[in-house]
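# Per-entry structural report
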Protein chains: 6
Amino acid sequence: MSEKSRMKKVSVFRKEHFNAAHRLHNPDLSDTENVKIFGKCNNANYHGHNYDLTVKLMGEVDATTGYVYDMKLLSDIIKENILDRFDHKNLNLDVKEFESLNPTAENIAITIYEILKSKIEPRYEIKIFLYETERNFVEYPAD
Amino acid sequence: MSEKSRMKKVSVFRKEHFNAAHRLHNPDLSDTENVKIFGKCNNANYHGHNYDLTVKLMGEVDATTGYVYDMKLLSDIIKENILDRFDHKNLNLDVKEFESLNPTAENIAITIYEILKSKIEPRYEIKIFLYETERNFVEYPAD
Amino acid sequence: MSEKSRMKKVSVFRKEHFNAAHRLHNPDLSDTENVKIFGKCNNANYHGHNYDLTVKLMGEVDATTGYVYDMKLLSDIIKENILDRFDHKNLNLDVKEFESLNPTAENIAITIYEILKSKIEPRYEIKIFLYETERNFVEYPAD
Amino acid sequence: MSEKSRMKKVSVFRKEHFNAAHRLHNPDLSDTENVKIFGKCNNANYHGHNYDLTVKLMGEVDATTGYVYDMKLLSDIIKENILDRFDHKNLNLDVKEFESLNPTAENIAITIYEILKSKIEPRYEIKIFLYETERNFVEYPAD
Amino acid sequence: MSEKSRMKKVSVFRKEHFNAAHRLHNPDLSDTENVKIFGKCNNANYHGHNYDLTVKLMGEVDATTGYVYDMKLLSDIIKENILDRFDHKNLNLDVKEFESLNPTAENIAITIYEILKSKIEPRYEIKIFLYETERNFVEYPAD
Amino acid sequence: MSEKSRMKKVSVFRKEHFNAAHRLHNPDLSDTENVKIFGKCNNANYHGHNYDLTVKLMGEVDATTGYVYDMKLLSDIIKENILDRFDHKNLNLDVKEFESLNPTAENIAITIYEILKSKIEPRYEIKIFLYETERNFVEYPAD
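Residues numbered from 1 in each chain as written. Chains lettered and ligands numbered in written order. Predicted model: local features only at pLDDT ≥ 70, side-chain atom pairs only at ≥ 80, totals over all residues. Heavy atoms only, no water.

When helices and strands are tallied, chain A shows four helices and five strands. Listed N to C, the secondary structure of chain A is β-α-β-α-β-α-α-β-β in terms of helices and strands. Here the C-alpha coordinates of chain A stretch approximately 65 × 30 × 25 Å along the principal axes. The 143 residues of chain A split such that 62% are buried. At a minimum sequence separation of 6, the contacts of chain A that also span at least 24 residues come to 68%. Surface summary for chain A: the accessible area is close to 5,800 Å², and the carbon and sulfur share equals 49%. Across chain A, the centroid of the 20 positively charged side chains sits 4 Å from that of the 24 negatively charged ones. (Helix = DSSP H or I, 4+ residues; strand = E, 2+ residues; numbered from the N terminus. Buried < 20%, exposed > 50% of the residue type's maximum accessible area, 1.4 Å probe, protein only. Contact = heavy atoms within 4.5 Å. Areas by Shrake-Rupley, 256 points an atom, 1.4 Å probe, with all protein chains shown as cover. Lys, Arg positive; Asp, Glu negative; His and termini not counted. Charge placed at Lys NZ, Arg CZ, Asp CG, Glu CD.)

See below:
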C-alpha cells in the first residue's frame, strides 16, 4: 500500500436522520412571553420534524486502510447514542437532556456534539450539522 | 394571443410543506396490538415529521392566460385550508378530522384530498402526493 | 441475449435543464389586467428561471440492446432542438414559438412536446415534465 | 376507528438504494458493435452506479390500521430479495438473473419487478422506478 | 432554563430563493470581448435563474431562548432587503446596485452581504452562499 | 465597471459527477483482514458509485469580469483531467493513480486535489468535496 495518504488530514461526513416531536418553551417565562418568542413552535401539544443530522469528523488518513475512520463504525455510534434515543421520540418528554433545556436546533446540535464527543477518540475533531427543515439548519461548533 | 394552447389538458403541481406531530394508534385495539402494528410510531408522547405536500391539478389551458389555474390562488387555498390548520400542530390532538381517524400518511392524504376537492371547482381533477419522509410517501387517488 | 425483455413496455426518463428569461403578458389585455392576472411575473424587464426539463419516452425494450431508446440519442435530440434554442435566451424575444404565445410553464411544456414529438418516431409515446421552480411544475399531456 | 378510509385506493412508495458495478455488453454482437451501441458503458472492466430504487404498491387502505401495507414489511421484502443480492455486487458476475441478460436500467427494473411481484400478494399492483443517475431513470410497467 | 447553552458559538443558516433575469456585460469592453469572456451569458435580451440564497449567521446561543437569532426575524430581514428588491426582477435594469456592477454570482453575493451586514447587529458574523444553478455557486466572504 | 468587487476574496464552486467501479482492498493484508476491514466494499468483482464531485476555488474577484475564475474553464479542466479519466472506469484497474493506492473516498479526493492543484495557478486555493453516496462524503484538505 502506498505511503501517499499518510498524514493527510481529511474530513469525512456521515448523514443520518431522525423524526421527533418537540415544543419550544421556557418555563421561566410567562405564557405570553413564550408565545411572543416562540410563536407556532410553542404549541402546547407539540409539533415535529424530520431532522437531518450530518456528523463531520476530521483526522489523518490511515496508511493501511485509506480511511480516516470506519464509516460503518461512525454510523453505529450515531445510531446507538443518538438515533436510538431521539428517533420517534418527543424530545421534551422522552430525552433526559432536554428536561431542563429548550430543544431548539441550536441546543439539540450542542447536545449531540457533547454526546458524540465523549464516544469518539479525542484525536478526531467533530462537528455537527442539524437540519430542522430544508431551510433552517445549524452548525456546531461554529467556524 | 394564439389559440395554440386551447383545449390542451395539462397537469400543474404545487409543492408545500408543514411540520406536525402525530402518533399512530387505534383505540379499538389493545396496547400490545398497537405496539405490534405501529412499532415506534405508537410512542405515547408523539413524534413528528416535515411533511412535503404536492397537489396536482389537471385541467385545460386557458387561452387568455396560458394558465390551467392561478398557482398563487392554488397556493393560497392550500395555505388557508391545510397549512393553517396542520402546520406546527399535533394532528391527533389539534386537527378535528383525526379525532377518530388514525393519522397515517394514507389517511392524511385522503383527508387533504377531500378538503381541497370541496374548495376547487369540480371541472378540475386533483391528486395528492404526501411525503412523510424522503423514503416513505403516498399518492391519492391511486392510478 | 435472453428473450426476457422482449415486448415489455418500459418508460425511460431523461432530465435536462436550461436557464431562460421570460415575462408573462397578453397583449390583448390592458396593462391593469396583465398586472392583475400575472402579478410579479408581468415585470416589463423580464425575470428568469432555471427550468428543469424531464422527457419521458415509453416503448418496448429492444431484445438486442436491452434499451427502450438510446439515452445518449434522446439527450442529443433534446439538446439540439430545445436547449440550443432555449438555454440562456429570453423566451419572449429570442424564441419564435413564443412570439404570440404567452410563455407560461404550461405553454412551454406544450411547445417542447410538439417539437420533440416531431423528432421522435411515432411508435414512442412521450410526455414532458417542466419545473419552473422546485415548487411549481407541469406535466403534458396530462394523465 | 372511523370507516372513512375503507375502500379508498392509495399508492404507497418506498425508496431504497444499492451500489453496484455493471457493464453493458451483448455477447451475440461483435466488439465493434458493442462499443458502437453501448459506448463508455461497454468498458470491459466495469463501471458503477448508486441505484435509487422506488417501489410503488397500490391497494386499499385497511380500516383497522389506516395502512395500505406495512412499510417496514415492504422495506424488509426489498432488503431481503433485492438489496442483499444486488448491493455492493457486480450485476454481471454476481447476480444470476443477469448471467444472460444485459443489465440495462430497463432490464434491472423488469427483473426487480418480477422478483418482488412473486413475493407480494397479487391483490396489490406494484411498479418499479429505478434511477441509474439523477438524470437517467426508468419506470416499469409503463403507463 | 439550563445554563448549558450559554457562550456556545453556533452558526445558523436560513435558505431563501429568488427568480431574476440578468446579463453579464462590461460596457468598458468591446462587444467581441464581452462575447469572448461571457459567452451565452452575454445575450443582449437577458436570461435568468432561480437563485438559491443561504445566509449563515454566527453568534452565541442566548440562554433564555436557546436561539442564536430569531429565524423568523432573519427571514423577514432577507425578505424585506433582498427578495422584495431582487425577486422577479431584471438585476441589470431594476436593481440600482447593478447599474454599474456586473451581476455575476460573485458580485451578487458581495452585494447581498453588504446589504445584510448593515441590517444585522455587528456582533454577528454573516456569510452568503449563492447558488446560480445546482452546479455553480459561490461563498462570500471566502474562508 | 465599478471598483467595488476589487480585492474581495470569494469562493466559487463547480459540481460535476462521474460513475465508476471500485473495490477496497489492501494487498498487504490477508483476505480475512480485508473482509474484516472493508466488508461488502471488498467484493472481488467490484461494485460502483455515482460520485458527485464539487471543486471549491478561492480567489479575488477580477474587477474587469466580476469573476473569480471562468467557470467554463474550471469545468473544462475538471472534465479533461478527472472525468475523462475516471468516468465509466474501474478505478482499481483503469486509473494508474490507484494501482497501488486503495480507492477509498479519502484517497480519491486527495488524488483529485493533487491532479487539479497542478493544473490551476497557485494563487488560487482549492478544496475537494467528494460524495460517494448521499450519506457518505469527504472534504480535502480538511479545515
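That was the structure; now back to the text.
Before going further, it helps to spend a moment on empty space enclosed by the protein. This model, assessed by the stated rule, comprises one cavity of 30 Å³ or more. For the largest cavity, the calculated volume is near 190 Å³. Considering the residues around the largest cavity, the lining is formed by Glu134 and Arg135 of chain A, Lys15, Glu16, His17 and Asp52 of chain B, Glu134 and Arg135 of chain C together with Lys15, Glu16, His17 and Asp52 of chain E. Looking at the lining of the largest cavity, the elements that each hand over two or more residues are strand E1 (9-22) of chain B together with strand E1 (9-22) of chain E. (1 Å grid on protein atoms, 1.4 Å probe; cavity = no way out; pocket = protein on both sides within 12 Å on 5 of 7 lines; lining within 4 Å. Points joined across faces, edges and corners; volume = space filled by probe spheres on them.)

A separate point is the arrangement of the chains. Regarding chain B and chain E, the two do not touch, and the least distance separating their C-alpha atoms is 14 Å. If you take every C-alpha in chain C and every C-alpha in chain F, the smallest gap between them is 14 Å, and the two do not touch.

Turning next to the relation of the copies chain C and chain D. For the match of chain C to chain D, the screw axis carries a shift of 0.0 Å, the RMSD comes to 0.0 Å, and the turn is 120°. In the structure described here, the two chain copies are related by an operation that fits a three-fold rotation axis. Residue Asp143 of chain C, judged by its C-alpha, is the member of chain C lying nearest the rotation axis, at 5.4 Å. (Least-squares fit on C-alpha atoms with pLDDT ≥ 70 in both.)

Each side of the interface is counted separately: chain A has 28 residues, and chain E has 26 residues. Three residues stand out in chain A for area buried against chain E, namely Glu106, Arg135 and Phe137 of chain A, and they jointly supply 27% of the buried area on that side. Where chain A touches chain E, the interface holds four salt bridges. Notably, a salt bridge pairs Arg135 of chain A with Glu16 of chain E, separated by 2.8 Å at the nearest N-O pair. Across the chain A-chain E interface, the total number found is 13 residue pairs in polar contact (both at pLDDT 80 or more). Bridge count for strand E5 (residues 136-140) of chain A against E1 of chain E is four bridges, and the pairing is antiparallel. Each bridged residue has a counterpart across the sheet, and for Phe137 of chain A the counterpart in E1 of chain E is Phe13 of chain E. (Buried area = accessible area lost by both parts, 1.4 Å probe. Salt bridge = Lys/Arg side-chain N within 4 Å of Asp/Glu carboxyl O. Polar contact = N/O pair within 3.5 Å; in protein donor to acceptor, adjacent residues only side chain to side chain. Pairing = 2+ DSSP bridges.)

Quick look at helix H4 (residues 105-117) of chain F now. Relative to the 18 Å expected for 13 residues at 1.5 Å per residue, H4 of chain F spans 18 Å between its end C-alpha atoms, a close match to the ideal helical length. H4 of chain F sits mainly inside the fold: 11 of its 13 residues count as buried. (Expected span 1.5 Å × (residues − 1).)

The subject of this paragraph is the interface of chain C and chain D. Between chain C and chain D, the residue contacts involve 26 residues of the former and 28 residues of the latter. Inspection of the chain C/chain D interface yields four salt bridges. Our enumeration of links across chain C and chain D arrives at 13 residue pairs in polar contact (both at pLDDT 80 or more). Among the secondary structure elements, those contributing two or more residues to the side of chain C that touches chain D are strand E1 (9-22) and strand E2 (47-60) of chain C. Broken down by element, the residue count for the side of chain C that touches chain D peaks at nine residues, all from E1 of chain C.

The next subject is the packing of aromatic side chains. Within the structure shown, the criterion is met by 48 aromatic pairs over all chains. With centroids separated by 5.0 Å and ring planes inclined at 20°, the aromatic side chains of Phe18 of chain A and Tyr51 of chain A adopt a geometry described as stacked. A residue pair is termed long-range when its members are at least 10 positions apart, and Phe18 of chain A in strand E1 (residues 9-22) and Tyr51 of chain A in strand E2 (residues 47-60) qualify at 33 residues. The exposure class assigned to Phe18 of chain A is buried, which follows from its relative accessible area of 0%. Ring geometry for Phe137 of chain E against Phe13 of chain F: centres 4.5 Å apart, planes inclined by 5°, an arrangement best described as stacked. Pair noted here: Phe137 of chain E is in strand E5 (residues 136-140) and Phe13 of chain F is in strand E1 (residues 9-22), and the two residues belong to different chains. With respect to class, Phe137 of chain E is no different from Phe13 of chain F; both count as buried. Among the aromatic residues, those joined into a cluster by ring pairs are Phe18, Tyr51, Phe86 and Phe98 of chain A. (Phe/Tyr/Trp six-rings, centres within 6.5 Å; stacked < 30°, edge-to-face > 60°.)

Next up on the list: the packing of helix H2 (residues 71-86) of chain E against helix H4 (residues 105-117) of chain E. All names here are of chain E. Running from N to C, H2 and H4 cross one another at 140°; their axes reach a closest spacing of 10 Å. The orientation of H2 with respect to H4, classified from their angle, is oblique. Here H2 runs over H4; the crossing is right-handed. For the pair H2 and H4, contact is made by Ile77, Ile78, Asn81, Ile82, Arg85 and Phe86 and by Ile108, Thr111, Ile112, Ile115 and Leu116, respectively. Each residue belonging to the contact of H2 with H4 can be placed in one class, and the counts come to eight nonpolar, two polar and one charged. (Axes fitted to C-alpha atoms, helices over the stretch in contact; angles between N-to-C directions. Parallel < 35°, antiparallel > 145°, perpendicular 65-115°, else oblique. Left-handed = near helix turned anticlockwise from the far one by under 90°. Nonpolar A, V, L, I, M, F, W, Y, C, P; charged D, E, K, R; others polar.)

Moving on, we come to the environment of Asn107 of chain D. In this fold, Asn107 of chain D is placed in helix H4 (residues 105-117). As a C-alpha pair, Asn107 of chain D and Tyr67 of chain D span 40 residues in sequence and 31 Å in three-dimensional space.

It is worth spelling out the environment of Asp84 of chain C at this point. Residues and elements named next belong to chain C. Structurally, Asp84 can be placed in helix H2 (residues 71-86). Taking the C-alpha atoms as reference points, Asp84 and Tyr69, separated by 15 residues in sequence, lie 22 Å from one another. Residues in contact with Asp84, not counting those within four places in the same chain, are Lys79 and Lys89.

Turning to the pattern of salt bridges, a few remarks are in order. The full count for this structure, using the stated rule, is 72 salt bridges over all chains. Between Asp143 of chain F and Lys56 of chain A there is a salt bridge, with its nearest N and O atoms 3.9 Å apart. Here the residue Asp143 of chain F occupies a position in the segment after strand E5 (136-140), and Lys56 of chain A occupies one in strand E2, the pair thus bridging two chains. On the basis of relative accessible area, Lys56 of chain A is assigned to the buried category, the value being 6%. Here Lys79 of chain B makes a salt bridge to Asp84 of chain B, at a shortest N to O gap of 3.0 Å.

Turning our attention to the side chain of Glu132 of chain C. Its place among the elements puts Glu132 of chain C in the loop between strand E4 (125-131) and strand E5 (136-140). Not counting the four nearest positions on each side in its chain, Glu132 of chain C is found in contact with His22, His49, Asn50, Tyr51 and Ala105 of chain C together with Asn50 of chain E.

Okay, the side chain of Asn102 of chain B next. If you trace the backbone, Asn102 of chain B turns up in the loop between helix H3 (91-94) and helix H4 (105-117). A relative accessible area of 0% means that Asn102 of chain B is categorised as buried.

Residue and element names in this part refer to chain A. Here the amide bond leading from Tyr140 into Pro141 is cis, since omega sits at -5°, within 30 degrees of zero. Note that Pro141 resides in the segment after E5. Here the phi dihedral of Tyr46 falls at roughly 75°; this positive angle occurs in a residue that is not glycine. Among the secondary structure elements, Tyr46 is positioned in the loop between helix H1 (31-38) and E2.

A few words now on the confidence of the model for chain A. Mean pLDDT over chain A: 95, with 96% of residues reaching 70 or higher. Across the interfaces of the predicted complex, the ipTM metric reaches 0.94, alongside a pTM of 0.95. (pLDDT = per-residue confidence, 0-100.)

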